Amino acid sequence: MAITNVTSVDQYNKLISSPALTVALFSAEWAEQCKQILAVMTELAKQFSAVQFVDVPAEELSEVALKHQIDAVPTVIFFQAGKAVDRIDGVDIAALTTKCRKLAGAATAVGGGAKEPLEDRLKALINRANVMIFMKGDRDTPRCGFSKQLIAIVNETGIAYDTFDILTDEEVRQGLKTYSDWPTYPQVYVKGELVGGLDIIKELLAGGELKETLSA
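Everything in this summary refers to the structure shown in the same document. All of these numbers come straight from a predicted model, not from anything done at the bench.

Focus: the pairing of strand E5 (residues 83–89)
Point 1. Direction of pairing for strand E4 (residues 75–80) relative to E5: antiparallel, over a ladder of six bridges. Opposite Thr75, over in E5, you have Asp89 as the bridge partner.
Point 2. If you look at the hairpin formed by E4 and E5, you'll find two residues sitting between the two strands, and Ala81 has a positive phi there, around 50 degrees.

Notes on the sheet that holds E5
Point 1. Read across the sheet, five strands follow the order E1-E3-E2-E4-E5 without closing on themselves; strand pairing throughout is mixed. Each end of this open sheet is capped by a strand with a single partner; those strands are strand E1 (4–5) and E5.
Point 2. Relative to strand E3 (residues 52–57), E1 runs parallel, the two being bridged by two bridges. In the strand pairing of E3, Asn5 is matched with Asp55.
Point 3. Taken strand by strand, helix H2 (residues 32–47) contacts strand E2 (21–27), E3 and E4, and its axis lies near 160 degrees from that of E2.

A look at the environment of Ala124
Point 1. Along the polypeptide, Ala124 turns up in helix H5 (residues 118–126).
Point 2. The spatial distance from the C-alpha of Ala124 to the C-alpha of Gly192 is 8.9 Å, given a sequence separation of 68 residues.

Some thoughts on the packing of aromatic side chains
Point 1. Applying the stated criterion across every chain, the model contains four aromatic pairs.
Point 2. With 6.2 Å between their ring centres and 65 degrees between their planes, Tyr12 and Phe26 make a pair best called edge-to-face. Taken together, the residues Tyr12 in helix H1 (residues 9–16) and Phe26 in strand E2 connect sequence positions 14 residues apart. Here the two residues Tyr12 and Phe26 agree in accessibility, since each one is buried.
Point 3. On the basis of an interplanar angle of 50 degrees and a centroid distance of 5.8 Å, the ring pair of Phe134 and Phe164 is categorised as tilted.

What counts, and at which threshold
- Residues numbered from 1 in each chain as written.
- Predicted model: local features only at pLDDT ≥ 70, side-chain atom pairs only at ≥ 80, totals over all residues.
- Heavy atoms only, no water.
- Pairing = 2+ DSSP bridges.
- Helix = DSSP H or I, 4+ residues; strand = E, 2+ residues; numbered from the N terminus.
- Contact = heavy atoms within 4.5 Å.
- Axes fitted to C-alpha atoms, helices over the stretch in contact; angles between N-to-C directions.
- Phe/Tyr/Trp six-rings, centres within 6.5 Å; stacked < 30°, edge-to-face > 60°.
- Buried < 20%, exposed > 50% of the residue type's maximum accessible area, 1.4 Å probe, protein only.

Here it is as structure tokens:
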């Protein structure tokens, strides 16, 4: 589910009144931190199809911002059937991910659904593409030097790949370390098998084996 851009008070009221969990980001175009939160919410939206993610322009909809005592952007408020059940003031990606998972899980439990086991989730993510890279950020906006280096190297090979932003999911971030017995990120997988991190990729590049390894 994509992030809904709110353009009116009526639209906002209708969205948060939904029985589904709604995650509302109060943002401003000039605030770089808001873009970071939006990127994380975009990833979360892929994981939680039953959750509504909305972007509320705090300055344009000042009436709404005032109602919720929005003193600064970004601010994220979690709504359930029109009622604010939690909030995050400022940039706290770990809290955003954790609260979203917790509240979405609670909503699922109420609806009688079952949570997918972590190992099954990890296997599905690892096999989402022939080449999967687990990193901080994504291919377009790496959020650490190691991830940025790795993406630059892999891009040069011309091999198709997909990425997963571990900053959006603390459970995956910690669980994958144990699952693959590899303590650091980024991590590169080919057809479900761990190749390694940046150092291994650099070694394969230096030995002229990288493209062959990734296209195996």
